Amino acid sequence: MSATNAPNGADALIATLLHNGVDTCFSNPGTSEMHFVAALDNEPCMRCVLGLFEGGVTGAADGYARMAGKPACTLLHLGPGLANGLANLHNARRAHSPIVNVIGEHATYHRALDAPLTADIEGFAAPVSSWIRTCESADEIAATGAEAIAAAMAPPGQIASLILPADTAWSPAATQAPVTAEVGSLRQPAADIDALAAILRSDAPTALLVNGNAVIGANLMRLGELAARTGATLIGDTFIARIERGAGRPGIRRLPYFAEQAIETLSAFEHLILVDTKAPVSFFAYPGVPSELTPASCQCHTLTAPGEDTAAALLALLDAVGGSAPAAVPELERPALPQGALNPQSIAQALAHLMPEQAIIVNEAATGGFGIPGATAAAAPHDWLDLTGGAIGMGIPAATGAAIACPDRRVIDLQADGSGMYTLQALWTQAREQLDVTTIIFANRKYAILQVEFMRVGAHNPGRRAMDMMELDRPNLDWVALAAGMGVPGTQASSAGALSSALEHSLATPGPYLIEAVL
């Protein structure tokens, strides 16, 4: 109930959110949201998590949704607050993460006055939202909230943006009864199962390109069994929202990031079957390089698109293929702890040795992380979350949200230093919430990927002025000091042995910790 003890629109919205299992709110509120904040104050079942920057709020909601399998809500302040969070909402949209944004708005009678914070909130929300509504009346807010939740949960997962004018939040609501969200079902795939089974039974080299629900739980094992029965190769998209990996789980190689390498990989196959994904394209356009990565010699077929029933399709395909063979899975391997120089390879070796069971790995290591998936393929069972949309600044917030979704699991964020600076405020949230997150900063003091891309797009050899826009020196960032300033302890490591010792200490100690790995 609101602070005035009169049930209002904000109370009704929170009641509907809780009724439908949305019990976590990542927030950075302002004046227009104060009645929603007051309503949150009276609902102990709703966990409220403050972020110091809206990009941290939306990134945390993304990480939470990927691991919880349900939406959190965000609380954002008007158009500028939403705009600050758009980059990580873009990543969340690409990950098919369900999120309900609650975005404050000026009171309905105040909007026409063009006050300083007036903005086109719907216009800001449109590129990242599948559903947008402005709630004009407190009496409709419970039903509108249920629609938002249903839209967010609609397969394969979407972003819903509910715009809440201040007077809608503070006005009395005719009813406080929560409304149940009516969530749609997975669509039935239209694939020709018999034709795909015939391809898999043939001698033609065939790969399955996989993502989404195909690489989690029973579906992952079904993929492994299908590969074992037919000899097909399993390839994951370059960046995957969430994949289960490690000992006891089928290994899935990744499509290379660079277009030339991806085309070469796929040229080995006559058929490419898409499972919960679309045909691959290059991240960017390059002179003389095709944007579509499937070569003309390889035919593309769809088993399921995102939002379709992958479990049913895989079961039907297994039945049509026939035969019986167990999925090939790696046994647990823990390599020796590395010694000597500190580099991405020795970090990967230390991680493979020390990673606890059921860890959650968030990967925004950029160029430093390219080799880590291969090095940890037989590590302890774990989940792996990637930067799906390419908008950097996802890692620290997503690790924060994942830790809140799974408080019994250690989260390890592999974080490039340049992209980490976009949303380092989320370290403060980790400290305040005392989350078990280990952040490893890959401190190469540069935007290394840009130095590579500068040459790949055909630009001239970079001079001093160009390099100044791709290097993070003069001065060097001091990540240990930055973390300490936000309440997160840490240390700097410049050798493989020091990195291993710091990682072992962090994994054995509750709460957040940061390791600056100087490369």
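Residues numbered from 1 in each chain as written. Predicted model: local features only at pLDDT ≥ 70, side-chain atom pairs only at ≥ 80, totals over all residues. Heavy atoms only, no water.

J.: Even after reading the chapter, I still don't get the overall build of the protein chain, so can you show me in this structure?
T.: When you go through the protein chain residue by residue, the secondary structure sums to 21 helices and 18 strands. For the protein chain, whose C-alpha radius of gyration is 24 Å, the value lies close to the compact-globule estimate of 24 Å for 519 residues. Viewed in the frame of its principal axes, the protein chain has a C-alpha envelope of about 70 × 60 × 45 Å. Buried residues in the protein chain amount to 54% of all 519 residues. (Helix = DSSP H or I, 4+ residues; strand = E, 2+ residues; numbered from the N terminus. Rg over C-alpha atoms; globule rule 2.2 N^0.38 Å. Buried < 20%, exposed > 50% of the residue type's maximum accessible area, 1.4 Å probe, protein only.)

J.: Whenever I open this one, the packing of aromatic side chains confuses me. Can you help?
T.: Two measures describe an aromatic ring pair: the distance that separates the ring centres and the angle between the ring planes. This model, assessed by the stated rule, comprises eight aromatic pairs. With centroids separated by 5.1 Å and ring planes inclined at 75 degrees, the aromatic side chains of Tyr 257 and Phe 258 adopt a geometry described as edge-to-face. Residue classification places Tyr 257 among the buried positions, given a relative accessible area of 16%. Take Phe 258: its relative accessible area is 16%, and that puts it in the buried class. Plain terms: the ring middles of Tyr 257 and Phe 283 are 5.4 Å apart, the flat faces sit at 55 degrees to each other, and that makes the pair tilted. Of this pair, Tyr 257 sits in the loop between β10 (253-254) and α11 (259-266) while Phe 283 sits in the loop between β11 (271-275) and β12 (299-304), placing them 26 residues apart in sequence. Members of the aromatic cluster, each reached through a chain of ring pairs, are Phe 239, Tyr 257, Phe 258, Phe 283, Phe 284 and Phe 370. (Phe/Tyr/Trp six-rings, centres within 6.5 Å; stacked < 30°, edge-to-face > 60°.)

J.: I keep staring at the state of the cysteines and nothing clicks. Help me out?
T.: Each disulfide consists of one covalent bond between the sulfur atoms belonging to two cysteines. What the rule picks out here adds up to zero disulfides. Left unpaired, Cys 48 is separated from the closest cysteine sulfur, that of Cys 25, by 5.6 Å. Of all cysteine sulfurs in the structure, the one in Cys 298 sits closest to Cys 300, which takes part in no disulfide; the separation is 6.6 Å. Residue class for Cys 300 comes out partly exposed when judged on its relative accessible area of 36%. (Disulfide = S-S within 2.5 Å.)

J.: Any chance you could explain the packing of helix α1 (residues 9-19) against helix α2 (residues 34-41) here in plain terms?
T.: The description of two packed helices rests on the angle between their axes and on the distance between the axes. Running from N to C, α1 and α2 point in directions that differ by 55 degrees, and their axes come no closer than 9 Å. Considered as vectors, α1 and α2 are oriented oblique to each other. Here the hand of the crossing between α1 and α2 comes out right-handed. Residues Ala 10, Asp 11, Leu 13, Ile 14 and Leu 17 of α1 form the contact with α2, whose participating residues are His 35, Phe 36, Ala 39 and Leu 40. (Axes fitted to C-alpha atoms, helices over the stretch in contact; angles between N-to-C directions. Parallel < 35°, antiparallel > 145°, perpendicular 65-115°, else oblique. Left-handed = near helix turned anticlockwise from the far one by under 90°. Contact = heavy atoms within 4.5 Å.)

J.: Could you clarify how one ought to interpret the side chain of Glu 516 in this entry?
T.: One can find Glu 516 in strand β18 (residues 513-518). According to the relative accessible area criterion, Glu 516 is buried, its value standing at 0%. Reaching out from Glu 516, the side chain makes a polar contact with the side chain of Gln 492 at a distance of 3.2 Å. Setting aside its immediate chain neighbours within four residues, Glu 516 contacts Ile 441, Ala 443, Arg 445, Leu 477, Asp 478, Trp 479, Val 480, Thr 491, Gln 492 and Ala 493. (Polar contact = N/O pair within 3.5 Å; in protein donor to acceptor, adjacent residues only side chain to side chain.)

J.: I tried to follow the pattern of salt bridges on my own but got confused; where do I start?
T.: Oppositely charged side chains can pair when the atoms bearing their charge come close. Under the counting rule described, the total for this entry stands at 12 salt bridges. As a salt-bridge pair, Glu 433 and Arg 47 come within 2.8 Å of each other at their nearest N and O atoms. One end of the pair, Glu 433, is in helix α17 (residues 426-433); the other, Arg 47, is in strand β2 (residues 47-50), with 386 residues separating them in the sequence. With relative accessibility at 32%, the residue Arg 47 sits in the partly exposed group. When the shortest N-O distance is used, the salt bridge between Asp 383 and Arg 409 registers 2.6 Å. (Salt bridge = Lys/Arg side-chain N within 4 Å of Asp/Glu carboxyl O.)

J.: What should I look at first to understand the sheet that holds strand β6 (residues 159-165) in this one?
T.: Strand pairing in a sheet relies on backbone hydrogen bonds, with the paired strands running either antiparallel or parallel. One open sheet holds the six strands; their spatial order is β2-β1-β3-β4-β6-β5, and the pairing between them is parallel. A single partner strand is all that each edge strand has here, and the edge strands are β2 and β5 (131-134). Shown here is a sheet whose adjacent strand axes are inclined to one another by a mean of 20 degrees, direction ignored. Pairing of strand β4 (residues 99-105) with β6 involves seven bridges; the strand directions are parallel. When the sheet's bridge partners are listed, Val 100 is paired in β6 with Ala 160. Sheet contacts for α2: β1 (24-28), β2, β3 (72-76), β4 and β6; angle to β3, the most-contacted strand, approximately 140 degrees. (Pairing = 2+ DSSP bridges.)

J.: How should the packing of helix α10 (residues 217-230) against helix α12 (residues 310-321) be read in this particular structure?
T.: Interhelical geometry of α10 versus α12 gives an angle of 20 degrees and a closest axis separation of 10 Å. Judged by the inter-axis angle, α10 sits roughly parallel to α12. When the axes of α10 and α12 are compared, the crossing they make is left-handed. Where α10 approaches α12, its residues Asn 219, Arg 222, Leu 223, Glu 225, Leu 226, Arg 229 and Thr 230 are matched on the opposing element by Thr 310, Ala 311, Leu 314, Leu 315, Leu 317, Leu 318 and Val 321. Its residues assigned to classes, the contact of α10 with α12 shows eight nonpolar, three polar and three charged. (Nonpolar A, V, L, I, M, F, W, Y, C, P; charged D, E, K, R; others polar.)

J.: So what exactly am I meant to see when it comes to a nonpolar patch on the surface here?
T.: Among the surface-exposed residues, Ile 392, Met 421 and Tyr 422 lie close enough to one another that they form a single nonpolar patch of about 240 Å² accessible area. Following the sequence through the fold, Tyr 422 ends up in the loop between α16 (417-420) and α17. (Patch = residues over 30% accessible without salt bridge, like charges linked within 9 Å, V, L, I, M, F, W, Y side chains within 5 Å. Areas by Shrake-Rupley, 256 points an atom, 1.4 Å probe, with all protein chains shown as cover.)

J.: What is the right way to look at the nonpolar core in this model?
T.: Buried together is how nonpolar side chains tend to be arranged in soluble globular proteins. By size, the foremost hydrophobic cluster in this structure holds 50 residues, and its most contacted members are Leu 208, Leu 303, Leu 317, Leu 414, Ile 440 and Leu 499. If we skip the residues at most four places from it in the chain, Ile 440 touches Ile 412, Asp 413, Leu 414, Gln 415, Leu 499, Leu 503, Ile 515 and Ala 517. (Core = buried A, V, L, I, M, F, W, Y, C linked by side-chain atoms within 4.5 Å.)

J.: Explain α10 here, please?
T.: One turn of an α-helix holds 3.6 residues; hence residues three or four places apart share an orientation. When the terminal C-alpha atoms of α10 are compared, their 21 Å separation across 14 residues agrees well with the 20 Å that a helix rising 1.5 Å per residue should span. Those residues of α10 lying buried are Asn 219, Leu 220, Leu 223, Gly 224, Leu 226, Ala 227 and Thr 230. Across the axial projection of α10, the buried residues extend over an arc of 160 degrees, all falling on one side. Against α9 (193-201), β7 (206-210), β8 (233-236), β9 (243-245) and α12 lie the buried residues of α10. Phi turns positive, to about 80 degrees, at Gly 231, one or two residues after α10. (Expected span 1.5 Å × (residues − 1). Arc of directions from axis to C-beta.)

J.: Help me understand the side chain of Ser 500, please; the structure alone is not making it clear to me.
T.: With respect to the helices and strands, the residue Ser 500 is situated in helix α21 (residues 496-507). The exposure class assigned to Ser 500 is buried, which follows from its relative accessible area of 4%.

J.: I tried to follow unusual backbone geometry on my own but got confused; where do I start?
T.: In most cases, non-glycine residues show a negative phi, while peptide bonds are predominantly trans. Going from Pro 155 to Pro 156, the amide bond is cis rather than trans, its omega being 10 degrees. With respect to the helices and strands, Pro 156 occurs in the loop between α7 (141-153) and β6. Note that the residue after Arg 474, namely Pro 475, is joined by a cis bond; omega there is 10 degrees. Topologically, Pro 475 is positioned in the loop between α19 (464-468) and α20 (479-485). A positive phi angle is found at Gln 358, which is not glycine, with a value near 65 degrees. Assignment of secondary structure puts Gln 358 in the loop between α13 (344-354) and β13 (359-364). Phi is positive for Arg 474, which is not a glycine, with a value near 55 degrees. Within the secondary structure, Arg 474 sits in the loop between α19 and α20. Among the residues examined, Arg 474 registers a relative accessible area of 60% and is labelled exposed.

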